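Residues per chain are reported as follows:
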Amino acid sequence: MTDNAYQKCINPDCRTELECASVTGGFKCPKCGSLLDVRYNWDRIEIPRKLCEFAQRWAKKDDPLNFSGVWRFRNLLNFCDDKYKVTIGEGQTILQQNDAIGEYVDMRPGRLYLQYEGLNPSGSFKDNGMAGAFSHAKMVGAKSSACASTGNTSASVALYAHSCGLKCTVFIGSGRIAFGKLSQAMDYGAQTIQIQGDFDDCMRQVQDVCVRLGLYLLNSLNPFRLEGQKTIMYRIIEQLGWRVPDWIVVPGGNLGNSSAFGKAFGELKELGLIERIPRMAIINATGADTLNDLVNNKKLVWNGGRVEQAIIDDYYADLTARNFSPHTCASAIEISRPVNLKKCLRAIDICDGLVRAVTDEEICDAKAVIGSHGLGCEPASAATIAGLKNLRVEGVIAAGETVACVLTGHPLKDPTLTVNYHKEKQGQFSNPPIEAPNDLEEIIRLIQS
Ligand SMILES: *Cc1c(COP(=O)(O)O)cnc(C)c1O
């Protein structure tokens with residue numbers, strides 16, 4: 001089985017290859033410490049001649065692997081036998097065409113699409129990744145798992161771990177997690193460890209803990225997780241009638257999604273399954289804008305894999321010297337040392353991508369617009385619409401181009417922020433409740449005023 005796929009170091013001066021079953025080094029190259037990719041021997045895998053052939057799986061969706069929005073595309077992430085594949089019904093998402101929100105960002109009718117990943121079992125896109133990663137965990141016989149999380153990873157890990165019989169420990173920064181997400185981790189039975197520190201601190205701790213205790217790591221350093229997240233792009237293409245959009249817009253946190261999307265499009269092009277690759281806009285929050293700063297100000301580029309490490313080292317040394325901790329209301333992207341930085345630079349290269357940062361105010365207003373005209377989302381997801389609005393003003397994206405924004409998480413994830421925005425009249429779209437006395441005539445007067 002391992003003939004179909006293997007792991008490969010992304011550093012072009014190393015190129016170490018490992019079999020899929022290897023978990024040495026906590027998903028970092030054991031030789032040079034770089035990130036690892038899952039690679040495929042495509043000539044040994046049965047690949048449909050056209051993407052639309054995947055539609056045939058819908059006719060047999062009583063098979064859970066066909067029903068899964070991840071494993072329906074299993075030929076394109078064929079790293080383990082079917083007997084190891086884990087699914088709890090992830091990927092039943094909607095690509096909604098939305099003209100009212102299109103008007104807010106000044107797009108022409110029919111051009112703006114919203115990919116609602118909040119409809120996943122745990123309420124965020126992370127479930128796509130966990131379907132991939134937990135299948136790999138089963139394949140290697142893991143018993144216990146762990147992750148660091150701004151919230152959604154812990155919710156998703158907790159749900160998947162117990163559905164396939166693994167123990168799990170989740171690390172969260174104290175006071176940094178939205179209540180919906182914290183409630184999920186506890187409710188799904190995860191051992192929850194609140195560290196005094198931020199996400200970046202948790203991320204450092206969990207990597208060491210996993211190596212010391214032999215726990216299976218579920219952060220997006222795990223390349224098998226990113227394989228599952230590729231399918232978000234397949235489903236956008238599927239719902240556009242097997243056509244690619246002009247632009248993908250995605251929030252940038254630890255940069256797993258943007259990395260996975262770039263890999264997905266690169267592979268589809270290589271396999272001749274798409275003719276052109278869409279452009280990608282990655283949106284940071286201004287209070288956590290490492291990628292934006294490195295790409296736009298420090299001119300950091302992929303450069304065929306020979307990324308200028310000194311630029312990154314200097315940047316992080318400066319963050320440390322200033323005792324910098326990221327701050328944004330969009331807690332899911334409150335990250336200043338994104339682990340997938342280099343893979344993201346590769347994705348920017350593949351997709352002719354760009355990076356922007358938006359303020360918390362822009363995020364909250366966009367979130368309210370998505371709530372009142374769409375199906376709603378959590379703050380980090382709304383960074384996409386805020387970013388798109390600015391890119392329209394800049395003229396980078398044209399009103400007639402087809403744009404798909406990835407709404408990464410469900411609106412109920414962060415009820416505190418939503419209630420404060422409306423009740424405290426924090427923005428131009430606030431919709432506060434009206435205080436009324438317990439009196440019929442007075443209530444009627446207030447409704448009609
Ligand atoms: C994890 C998460 C993000 C950040 O995604 P990355 O792949 O880490 O860049 C954005 N939005 C939500 C809702 C998330 O849960």
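Keep in mind the model is a prediction, meaning the values are calculated, not measured.

## Let's talk about the site of the ligand
With respect to spatial proximity, 16 residues lie near the ligand, and among them K126, N152, G253, N257 and T408 are the closest. One of the backbone N or O atoms of G253 is found 2.8 Å from an oxygen atom in the ligand. Within the contact set of the ligand, a nitrogen atom lies 2.8 Å away from a side-chain nitrogen or oxygen of T408. Contact with the protein chains removes 97% of the 380 Å² of surface that the ligand exposes when unbound. In this structure, the ligand is accommodated by the largest cavity. Grouping the amino acids of the shell around the ligand by side-chain chemistry returns six nonpolar, eight polar and two charged.

## Notes on the sheet that holds strand β1 (residues 5–9)
Here three strands make up an open sheet; going across it, the order is β2-β1-β3 and the pairing antiparallel. The two strands at the open ends of the sheet, each matched to only one other strand, are β2 (17–19) and β3 (36–40). Strand-to-strand twist across the sheet, computed as the mean angle between neighbouring axes with direction ignored, equals 35°. Here β1 runs beside β3; their pairing, made up of five bridges, is antiparallel. What sits directly across from Q7, in β3, is V38.

## Examining the confidence of the model for the protein
Per-residue confidence for the protein gives a mean pLDDT of 96; residues scoring 70 or more make up 100%. The least confident element of the protein is helix α6 (residues 199–213), whose mean pLDDT is 91; the most confident is strand β10 (residues 247–251), at 99.

## A word on the sheet that holds strand β12 (residues 354–358)
Strand order in this open sheet of six strands is β4-β5-β13-β10-β11-β12, and the pairing throughout is mixed. The sheet is open, and its two edges are formed by β4 (94–97) and β12, each paired on a single side. The sheet shows a mean angle of 25° between the axes of neighbouring strands, taken without regard to direction. For β10 and strand β13 (residues 403–407), the ladder comprises three bridges, and the chain directions are parallel. In the strand pairing of β13, V249 is matched with C405.

## Some words on the packing of helix α3 (residues 126–139) against helix α4 (residues 152–163)
Packing of α3 against α4 brings their axes to within 9 Å, and their N-to-C directions diverge by 45°. By the angle class used here, α3 and α4 are oblique. For the pair α3 and α4, the sense of crossing is right-handed. On α4, the residues that touch K126, D127, M130, A131 and F134 of α3 are N152, T153, S156, V157, Y160 and A161. When its residues are assigned to classes, the contact of α3 with α4 shows six nonpolar, three polar and two charged.

## Side note on empty space enclosed by the protein
Summed over all chains, the structure comprises four cavities of 30 Å³ or more. As a volume, the largest cavity reaches approximately 290 Å³. Contributing to the lining of the largest cavity are 26 residues, with F125, K126, G253, N254 and A332 lying nearest its centre. Listing elements by their share of the lining of the largest cavity, those giving two or more residues are β6 (144–149), α4, α7 (223–229) and α9 (256–270). If you tally residues by element for the lining of the largest cavity, the top one is α9, at three residues. Among the residues forming the lining of the largest cavity, the class breakdown is nine nonpolar, 14 polar and three charged. Size it by volume and the second largest cavity reaches roughly 70 Å³. Residue lining of the second largest cavity: S149, T150, I172, G173, R176, I177, D198, F199, C202, S331 and E334, and that is the complete set. For the lining of the second largest cavity, the elements supplying multiple residues, two or more each, are β7 (167–173) and α6.

About the cut-offs
- Residues numbered from 1 in each chain as written.
- Predicted model: local features only at pLDDT ≥ 70, side-chain atom pairs only at ≥ 80, totals over all residues.
- Heavy atoms only, no water.
- Near = heavy atom within 4 Å.
- Polar contact = N/O pair within 3.5 Å; in protein donor to acceptor, adjacent residues only side chain to side chain.
- Areas by Shrake-Rupley, 256 points an atom, 1.4 Å probe, with all protein chains shown as cover.
- 1 Å grid on protein atoms, 1.4 Å probe; cavity = no way out; pocket = protein on both sides within 12 Å on 5 of 7 lines; lining within 4 Å.
- Sits in = over half its atoms within 2 Å of the grid points.
- Nonpolar A, V, L, I, M, F, W, Y, C, P; charged D, E, K, R; others polar.
- Pairing = 2+ DSSP bridges.
- Helix = DSSP H or I, 4+ residues; strand = E, 2+ residues; numbered from the N terminus.
- Axes fitted to C-alpha atoms, helices over the stretch in contact; angles between N-to-C directions.
- pLDDT = per-residue confidence, 0-100.
- Parallel < 35°, antiparallel > 145°, perpendicular 65-115°, else oblique.
- Left-handed = near helix turned anticlockwise from the far one by under 90°.
- Contact = heavy atoms within 4.5 Å.
- Points joined across faces, edges and corners; volume = space filled by probe spheres on them.

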